[in-house]
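Chain and residue survey
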2 protein chains.
Amino acid sequence: MATRNIKEVAQLARVSVGTVSNVLNRPEIVSPATRERVFEAIKKLGFVRNEVARHLRVGRSRTVGLVVLDVANPFFVDVAQGAEALADEHDTMVVLCNSAGDPGRERRHLDQLEQQRVMGILVTPIEAEPPWLEELVARGTPVVLVDSPATGLQCSVAVDDRLGGQLAGAHLVERGHRRIMFAGGPPSVKQVADRHAGLATAVAAAGGAVELRASTAPALTVAGGRAIGERVAALPPGARPTAVFCANDMMALGFLQAMAAHGLRVPEDLAIIGYDDIDFAAAAAVPLSSVRQPRELLGRTAIDLLLEEVAEPERHRHRQVIFQPDLVVRESSAPRRDG
Amino acid sequence: MATRNIKEVAQLARVSVGTVSNVLNRPEIVSPATRERVFEAIKKLGFVRNEVARHLRVGRSRTVGLVVLDVANPFFVDVAQGAEALADEHDTMVVLCNSAGDPGRERRHLDQLEQQRVMGILVTPIEAEPPWLEELVARGTPVVLVDSPATGLQCSVAVDDRLGGQLAGAHLVERGHRRIMFAGGPPSVKQVADRHAGLATAVAAAGGAVELRASTAPALTVAGGRAIGERVAALPPGARPTAVFCANDMMALGFLQAMAAHGLRVPEDLAIIGYDDIDFAAAAAVPLSSVRQPRELLGRTAIDLLLEEVAEPERHRHRQVIFQPDLVVRESSAPRRDG
DNA sequence: TTCGCCGGTTGAGACGATTCAAAAGAATCT
DNA sequence: AGATTCTTTTGAATCGTCTCAACCGGCGAA
């Protein structure tokens, strides 16, 4: 209703609008007396600066967009918290958007953010080679890909998913498993494909003795994992894998639920390893082994790269930062009795 | 870099800026031929409408801010998803902000949102009677309090926490528990106080036979629950409560971890009930009994109230919507042997 | 006295889109 | 042909803030 503007403040304080603006932006160049008068007027009127007008005039904004694949997955929440922590130190606001694995939603969010002229966008893209990327960058919005391979058009931060898959695979092989299953999602998701490939490498390294299968759910969710778990539980015991590597912890939790529902014991009947090491993994029915990623660091680094690019666009060279995952062994992949 | 504006489009299409604007906003009033020319120019230049300028001119924005207490708590994520789902249907954008239980952060986020002139703000306030509320509303930003009592200044949506506490309490009493503990957080948080009060009511209704204690953690987090759990585990068996009602599921999960770490069995040695019924509750080491709240519905309703207020500010009457929680009994509060 | 300087202050453009009264064109009717 | 509608298009004003060249008054130096 009663939104005051800089002009009303100026009138009340008996100064020009330029002076009010100065008080707001460079108070040190205004004489203490006037400054005081202006502050009083601001307080009396309940004036709140219109950031929209300011932004229009100065051309750059202090907010960055972060578009994640799935807010329901605590992994992304942690990435977001890392990003926000660093952004906060540079008083920059992070707005979190959820594409929920839907390319349409992803596109709409990106359009919105571009229209708002945000300072930059961090995104965990759904597809490995996002069709919108080139144009978006060409039109001038800095982009940092998170948890995704670089394309040379922008910076990126990622974790070596292939290595993560290998760690999990080597661990299972070493524990004596000879029938291993990979529980994944849509193969278009690069991370999943890489984790699978890493697992395959480790299995291959064991010689021909180990059999590897894969099963796919429509999404990397608890429900997806549960669905695959149901299918596995329905197999005759002899045909069942003895270990499952899930593409992420959400799936692993779902898978675990399905095992419990069918009275199968973990890890005795079937071992499980997840991915991400979200906080809930350790609190699961059977504490989950998982491949840990530096979640907050991923977010922090992404913001760091973005701020660097924004600060000196001409000097900036795009970089791709890759972190190493590590394996956290818990009860869900404890030693096999018969190993 | 190369951000084009409406004027450049107008030049290329050989029309006035007014016409370009019309093509963008009311294409039906523009003749098909010109419309086509304008679209071509837009595409050729890679023009993206500047939402900031548009917003400045038309005065109202299509985004609402949602400030939550703790994004790491899936409860709030679900509320946010509910809000976003409905907002989406009215092509409105929701920006999610995390106060993380810190009044300073909460204040900064609110200031930011107000400066951005968002359409309205949904907030789960930290304090029961937020000091900023009155002024914020007076200056003209519609606010809906989520999961918090109404003050008459704005709409609110909440769940009857007292009833939730009663349900949990009655259940525990009925199962034969005679030494019950409430594991809560800072008492300034209204929700926690209400759940506690509800529990107390149920205990009182049982006559003098039941003893009720309370323990407090600095925050309603997994770590907070674990800390209380450690304290309880350290008590001599005879002094230990036989059941614990945790202020939320995060705490309950932490508490459960502490029990496991000390070899105490749930529910045999100690029963646990949580609050919120987040998805992870069912997947816990011992599936958690919990008081379920209609999470998505809470978010949807909040957006609904806000949109209603924005649509007809004069006709609008503030309302407070209150939902009923219900109890979900799982293994963590299974019948006592000696009950 | 004049000049230059300096800390403060002013006010007239931007910024990019929307809006709307009015002009221009096209079509219809006498 | 002229008058009357109806449809399109135009262009100037506007939203609220920032920026920057210009201005002002006072002071010290010449």
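Higher on the page you've got the structure.
I will try to describe carefully the structure that is included in this document. (Residues numbered from 1 in each chain as written. Chains lettered and ligands numbered in written order. Predicted model: local features only at pLDDT ≥ 70, side-chain atom pairs only at ≥ 80, totals over all residues.)

1. Quick notes on the overall build of chain A
Broken down by element type, chain A carries 12 helices and 12 strands. If you line up chain A on its principal axes, its C-alpha atoms span 90 × 40 × 30 Å. The proportion of buried residues among the 339 residues of chain A is 50%. Partitioning the contacts of chain A with sequence separation of at least 6, the portion at a separation of at least 24 is 72%. (Helix = DSSP H or I, 4+ residues; strand = E, 2+ residues; numbered from the N terminus. Buried ≥ 20, exposed ≤ 12 C-beta atoms within 10 Å, placed from the backbone. Contact = placed C-beta atoms within 7 Å.)

2. Quick look at helix α5 (residues 74-89) of chain A
Over its 16 residues, α5(A) extends 23 Å from the first C-alpha to the last, a length consistent with the 22 Å expected when each residue adds 1.5 Å. Extensive coverage of α5(A) is indicated by the burial of 13 of its 16 residues. (Expected span 1.5 Å × (residues − 1).)

3. A look at the interface of chain A and chain B
Contacts between the two partners involve 37 residues from chain A and, on the opposite side, 37 residues from chain B. At the level of elements, α4 (51-58), α5, β2 (93-98), α6 (103-115) and α11 (249-261) of chain A are the ones that each hand at least two residues to the side of chain A that touches chain B. Across the side of chain A that touches chain B, the residue classes break down as 19 nonpolar, 10 polar and eight charged. (Nonpolar A, V, L, I, M, F, W, Y, C, P; charged D, E, K, R; others polar.)

4. Focus: the sheet that holds strand β12 (residues 326-328) of chain A
All names here are of chain A. With mixed pairing, the six strands of this open sheet are ordered in space as β7-β6-β8-β9-β10-β12. Only two strands of the sheet have a single partner each, and these edge strands are β7 (211-216) and β12. For this sheet the average axis-to-axis angle between neighbouring strands, irrespective of direction, equals 20°. Strand direction decides the pairing type here: strand β9 (residues 271-276) and strand β10 (residues 289-292), joined by four bridges, are parallel. Each bridged residue has a counterpart across the sheet, and for I273 the counterpart in β10 is S289. (Pairing = 2+ DSSP bridges. Axes fitted to C-alpha atoms, helices over the stretch in contact; angles between N-to-C directions.)

5. Details of the packing of α5(A) against helix α12 (residues 295-311) of chain A
All names here are of chain A. It is at 6 Å that the axes of α5 and α12 come closest, and there the two elements cross at 45°. In terms of orientation, α5 and α12 fall into the oblique class. As α5 runs across α12, the sense of the crossing is right-handed. In contact with F75, D78, V79, A80, Q81, G82, A83, A85, L86 and A87 of α5, α12 contributes R295, E296, L297, L298, G299, R300, A302, I303 and D304. Split by residue class, the contact of α5 with α12 holds 11 nonpolar, three polar and five charged. (Parallel < 35°, antiparallel > 145°, perpendicular 65-115°, else oblique. Left-handed = near helix turned anticlockwise from the far one by under 90°.)

6. Some points on the relation of the copies chain A and chain B
Between chain A and chain B, which share one sequence, the superposing operator has a rotation angle of 180° and an axial displacement of 0.0 Å; the RMSD is 0.1 Å. Those values place the two copies in the arrangement expected of a two-fold rotation axis. Taking C-alpha positions as the reference, the residue of chain A nearest the rotation axis is A:A285, at 1.4 Å. Of the interface residues in chain A, 100% have counterparts in chain B that sit at the interface too, so the contact is made through matching surfaces. (Least-squares fit on C-alpha atoms with pLDDT ≥ 70 in both.)

7. A closer look at the protein's contact with DNA strand D
Around DNA strand D sit 27 residues, and of these A:N5, A:I6, A:N50, A:A53 and B:G18 come closest. Of all the secondary-structure elements, those providing two or more residues to the surface near DNA strand D are α1 (6-13), α2 (17-25) and α4 of chain A together with α2 (17-25) and α4 (51-58) of chain B. (Near = placed C-beta within 6 Å.)

Function cannot be inferred from these measures alone, as they are strictly geometric.
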